[in-house]
Amino acid sequence: MKNPPELDNQTDERRSERSRSLLSYRTGIAIGAPLLLGLVAGGWWLWTFVNEQLAPLVERNLTQTLNRPVQLGRVERFSPTSLRFGASAIPATATDPDRASVTAVDVTFNPLQLLITRTLSLDVTLVNPDVYLEQDAEGRWISTTLAAEEGTGLIQTELDRIRFRNANVVLVPNPEARNEPIANQATKASVTVTQGNGFAQFLDNNDLIRYNISGNLATEGNIEINGESQLSTERTNLQIQAQNVLASEVTRLIDLPLDLQGGRVDGNLNVQLRQAQEPKLFGTAQLNKVTAKVEQLPQAFNNSSGTLGFQGTQIWLDNVQTSYGSIPAIANGVLDTEAGFNIAARVPSVSFANAQKTLGLDLPVPVAGEARAEIQLSGPIQTPTLSGSVRTTKQARIDRVDFKNMSARFAFAPTEAVIAFRDIQAVPTVGGQITGGGTVRIGDTPGLGFNLDARNIPGDAIARLYDAAPNFQIGTIQARANVVGSPTQPQTLVNWQAANATYPARGQILIANAQNLLFRNTTVDFAGGTLRAAGQLTNNQWQATVQASGVELGRVAEVPPALQAPISGTFNIAGSTASFQPDQIQATGSGRINVAGGTVTASNIQLAQGRWRAQVQASGVQLGSLVPQVPPQFQGALTGTFNLAGTTAALQPQTIVGTGSGRINVAGGTVTASNIQLAQGRWQAQVNASQVELARFSEQLQGQLDGQLRVAGTVDSFDLADVRAVGNLRFSQGIGPVQQPL
């Protein structure tokens, strides 16, 4: 049975479709299988090329360019334009401690450039690098010399750019680069930059490098550096922006004439580094409580705040508030690394104690007060001079003396450790004026030398300040002092004159220390005569050797008129500055006085606690002149030796105690007295009379008298009626009606 024509047509169409599908499937297999195999083979080749050729090529390129071993990690992923390597490192070498490690290295390149020029230009990104860099002795942070090109081969490579992100960089300065003593490697201070980002671009066949780095410092603050370095000429230009950076880290990174040791700095600087030249800086920096040390000055400038301007080799100070040691100051001027210092500073007020501490002055006496100063720091960098003027702002004190005002000019040469003072002027509150100048040497061998003039100094007021109360007026003093020695053991020689004193005087005082004074060549116009003295004062106790010449005894003590004559002698005396009263003085010595026509010589004189004693020799003394109450017949020349004692309260016969012997010419004869005793105004003696002419006593008497008597009486009256006598007498012609010897 035949099918209808329509059914036959449908059947033919289905057969035709099955034939075409089978043909397409077979054709796809024929074409796709080789293509798939090609793609797999191509992928395998690409993987093999990347891992076995391209990755080693990149590693070799970096090693040759950096002239350092580079250890790249395994390839973690790749694309037609990039590679990622795993953990990689640049290890330290035997001659270079610098090292770096990264968690990954991304390398990008242009495959079209590779196909056209057979040059592989690498753009390298370091991910999370950890870098350690040590500065070398020449001041270089990276001493590696970059190679000019990679070498020859089928594919040429060149390093175009290195980027880094999230870097941690440790910078270790080298003290040798700043001519400082070499510190222990383990204790070198380092600078750490965290979260660092930036790049380095290599141009001109690796001779020119442009770079940028920014990051945070581990000690707070942040920094950004833009710059370029030309390796062939060793030329570098840097632009540095810093905020709140620790000042000490600036010094570690940049060689400055100032050693910044503390505080914070904001800055915007351009730095020019040239071969064999000092760095040149341009820009400004803001100081915030910075401590800065100038090598040639013994103290640091601390708490410094203000603006620094940089202009080549010059650093300008604009109203920088600082403190030199403990001396506050406001500074303006310029520090030129080639020309030196030219900085002016004003000290509004500083206490003597802080100035003494800062300058290292060890003074022999205490000082107190406050002063202001104008200071100039000038001279070459290596040998600067600190000079200026100083003036007190209120009343000051030196030892026990207050001063209304004081001023001086000074110059301090730190390299010579000498402070020179001139135009010293001081006005004590009690009056007078002191002027002069001198030098103070500080350091290991301190010393001083001053010449001072004192004019119209009120001696009485000064004496009271030192608890001295003389019973005479000192008046105004003129003096010239020379001070030499060490601050702890100075010696002061004073030539002085007190022309208006009660007893005008002049002399020299040698002050060994505050408790020991030696006075010498001292001359005193005293009681109509002259005293020449030498001695010492120790702890308010004085002693002296005094030579008296022509001193009128009556002007010194209350004595009978006959004893008011010039006295000469040598005496060793001692006492206290608390009182110069006679009862407070101790003395020994000998003296001579011309009295009553004769001479009285005293030896072994001793004075203590207001009492005196002496051995007295009289020669040719007219007794009548000495004791007017003596009858005229006894007013002859007296010669004798006596031991006398008494009190300084009164030199009257009633207060004198004595023993001795003597001889007196009486009425043409001689009376010799022995065992003379005087006490409480009464006297007694053993008397031998020889050839005494009686007629001189009474016209009724004739002949001569001889005999031995014990006589006694009082110093109040020497009349014969008041004299008691017991003894034997012999009259050569008798008495009265008896005209024969008895």
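See the structure above.
Treat the numbers as computed from the prediction; the structure is a model and nothing was measured. Residues take numbers from 1 onward in each chain, read along the sequence in its written order. For a predicted model such as this one, the threshold for reporting local features is a pLDDT of at least 70, and the threshold for listing and counting side-chain atom pairs is 80 or more; totals across whole chains, interfaces and linings nevertheless cover every residue. The basis for the side-chain values is all heavy atoms of the structure; hydrogens and waters are excluded.

Some details on the overall build of the protein
Basically, it comes down to this: Strands are runs of DSSP state E lasting at least 2 residues, helices are runs of H or I lasting at least 4, and numbering of each runs from the N terminus. Residue contacts follow a heavy-atom distance rule, with two residues in contact if any of their heavy atoms lie within 4.5 Å. Accessible surface is estimated by sampling points in the Shrake-Rupley manner with a 1.4 Å probe; for residues, cover comes only from the protein chains shown.
A count of helical and extended segments in the protein gives six helices and 42 strands. A separation threshold of at least 6 residues defines the contact pool for the protein, and within that pool the share at least 24 residues apart is 43%. A total accessible area of about 39900 Å² is found for the protein, and carbon and sulfur atoms account for 52% of it.

Quick notes on the side chain of Ser304
Short version of the rule: Think of it in three bands: with a 1.4 Å probe and only protein chains considered, a residue is buried below 20% of the maximum accessible area for its type, exposed above 50%, and partly exposed in between.
Mapping Ser304 onto the fold places it in strand S15 (residues 301–312). Take Ser304: its relative accessible area is 4%, and that puts it in the buried class. In this view, Ser304 contacts Leu287, Asn288, Lys289, Val290, Val320, Gln321 and Thr322; residues no more than four positions away in its chain are not counted.

Regarding the side chain of Ser407
Assignment of secondary structure puts Ser407 in strand S23 (residues 401–413). Residue classification places Ser407 among the buried positions, given a relative accessible area of 15%. If we ignore the near neighbours within four places in the chain, the residues touching Ser407 are Val390, Arg391, Asp423, Ile424 and Gln425.

Concerning the packing of aromatic side chains
Convention followed: In this scheme Phe, Tyr and Trp rings, the latter by its six-membered ring, pair at centre separations within 6.5 Å, and the angle between planes marks the pair as stacked below 30 degrees, edge-to-face above 60, and tilted otherwise. The rule for a charge over a ring is simple: NZ of Lys or CZ of Arg within 6 Å of the ring centre, and within 35 degrees of the ring normal.
Summed over the entire model, instances satisfying the criterion amount to four aromatic pairs. Plain terms: the ring middles of Phe472 and Tyr503 are 5.7 Å apart, the flat faces sit at 65° to each other, and that makes the pair edge-to-face. One end of the pair, Phe472, is in the loop between helix H5 (459–465) and strand S27 (476–485); the other, Tyr503, is in the loop between strand S28 (490–498) and strand S29 (505–513), and 31 residues separate them in sequence. According to the relative accessible area criterion, Phe472 is partly exposed, its value standing at 28%. Between the aromatic rings of Tyr503 and Phe526, the centroid separation amounts to 4.7 Å while the plane-to-plane angle is 55°, which identifies the pairing as tilted. Note that Tyr503 is positioned in the loop between S28 and S29 and Phe526 in strand S30 (residues 516–526), a separation of 23 residues in sequence. Given the relative accessible area of 17%, Phe526 is considered buried. Put simply, the rings of Phe472, Tyr503 and Phe526 touch in pairs and so form one group of aromatic residues. Across from the ring centre of Phe199, 5.0 Å away, lies the NZ or CZ of Arg161, which sits over that ring.

Looking at empty space enclosed by the protein
For clarity, the threshold we go by: Whether a set of points on the 1 Å grid over the protein atoms alone is a cavity depends on a 1.4 Å probe fitting there but being unable to get out, while an open set qualifies as a pocket with protein on both sides within 12 Å along at least five of seven lines; lining residues are those with an atom within 4 Å of a point. Grid points are joined across faces, edges and corners, and a volume is the space filled by probe spheres set on the points. Three classes are used: nonpolar for Ala, Val, Leu, Ile, Met, Phe, Trp, Tyr, Cys and Pro, charged for Asp, Glu, Lys and Arg, and polar for all others, with Gly counted as polar.
Within this structure, the stated rule accounts for one cavity of 30 Å³ or more. Taken as a whole, the largest cavity holds about 340 Å³ of empty space. Looking at the largest cavity, it is lined by 23 residues, and the ones nearest its centre are Phe301, Leu317, Thr322, Ala331 and Ile343. Secondary structure elements with two or more residues in the lining of the largest cavity: strand S14 (280–293), S15, strand S16 (314–324), strand S17 (327–336), strand S18 (340–351) and strand S20 (370–379). By residue number, the principal contributor to the lining of the largest cavity is S16, which donates five residues. When the residues that make up the lining of the largest cavity are grouped by side-chain class, the tally is 21 nonpolar, two polar and no charged.

Here's the deal with the nonpolar core
In plain terms, the rule: Buried residues of nine kinds, namely Ala, Val, Leu, Ile, Met, Phe, Trp, Tyr and Cys, make up a nonpolar core once their side-chain atoms join them within 4.5 Å.
Counting residues in hydrophobic clusters, the biggest one holds 65 residues, and the most contacted among them are Leu260 and Leu308. Apart from the residues lying within four places of it in its own chain, the contact partners of Leu260 are Ala247, Ser248, Val250, Thr251, Val290, Thr291 and Ala292. Listed in part, the 62 residues of the second largest apolar core include Ala481, Leu531, Leu651 and Ala667.

Points about the pairing of strand S25 (residues 433–441)
Our working rule: Two strands qualify as a pair provided DSSP detects at least 2 bridges between them.
Across seven bridges, the pairing between strand S24 (residues 418–428) and S25 is antiparallel. When the bridges of S25 are listed, Ile424 appears paired with Gly436. As consecutive antiparallel partners, S24 and S25 are separated by four residues, and within that stretch Gly431 has a phi angle of approximately 120°, a positive value. Bridge analysis of S25 against strand S26 (residues 447–458) gives nine bridges, and the strand direction is antiparallel. When the bridges of S26 are listed, Thr435 appears paired with Asp453. The hairpin turn running from S25 into S26, its antiparallel successor, is five residues long, and Gly443 in that turn takes a positive phi close to 105°.

Looking at unusual backbone geometry
In this structure, Glu220 is a non-glycine residue whose phi angle is positive, near 80°. By the element assignment, Glu220 lies in the loop between strand S10 (208–217) and strand S11 (222–230). With phi around 50°, Asn604 is a residue other than glycine that occupies positive phi space. Mapped onto the elements, Asn604 comes out in strand S35 (residues 598–608). For Asn604, a relative accessible area of 42% puts it in the partly exposed group.

Section: the pattern of salt bridges
Note the cut-off: Here, a salt bridge means any side-chain nitrogen of Lys or Arg that lies within 4 Å of a carboxyl oxygen of Asp or Glu.
Scanning the model with the defined rule gives 12 salt bridges in all. Ionic pairing is found between Glu228 and Arg235, a salt bridge with its closest N-O pair at 3.7 Å. Assessed through its relative accessible area of 21%, Glu228 is described here as partly exposed. Arg730 serves as the salt-bridge partner of Asp706, at 3.5 Å between the closest nitrogen and oxygen. One end of the pair, Asp706, is in strand S41 (residues 704–714); the other, Arg730, is in strand S42 (residues 724–731), and 24 residues separate them in sequence. With a relative accessible area of 15%, Asp706 lands in the buried category. The class for Arg730 is partly exposed, based on a relative accessible area of 46%. The network of salt bridges with shared partners includes Arg84, Asp106 and Arg165.

Digging into a nonpolar patch on the surface
Keep this limit in mind: A residue counts toward a patch only above 30% relative accessible area and without a salt bridge, and it is joined to like-charged neighbours within 9 Å or, for Val, Leu, Ile, Met, Phe, Trp and Tyr, to nonpolar neighbours within 5 Å.
Side chains of Leu112, Leu115 and Ile116 sit close together on the surface and give an oily, nonpolar patch of about 380 Å² of accessible area. If you trace the backbone, Leu112 turns up in helix H2 (residues 111–117). Judged by relative accessible area, which is 53%, Leu112 ranks as exposed.

Concerning helix H4 (residues 352–359)
Here is the rule: It is the directions from the helix axis to the C-beta atoms whose arc is reported.
By the burial criterion, the buried members of H4 are Phe352, Ala355 and Thr358. For H4, the angular spread of the buried residues around the axis is 130°, confining them to a single face. Seen from the buried face of H4, the exposed residues on the opposite side, beyond 90 degrees, are Ala353 and Lys357. One or two steps after H4, the chain reaches Gly360, where phi turns positive at roughly 70°.

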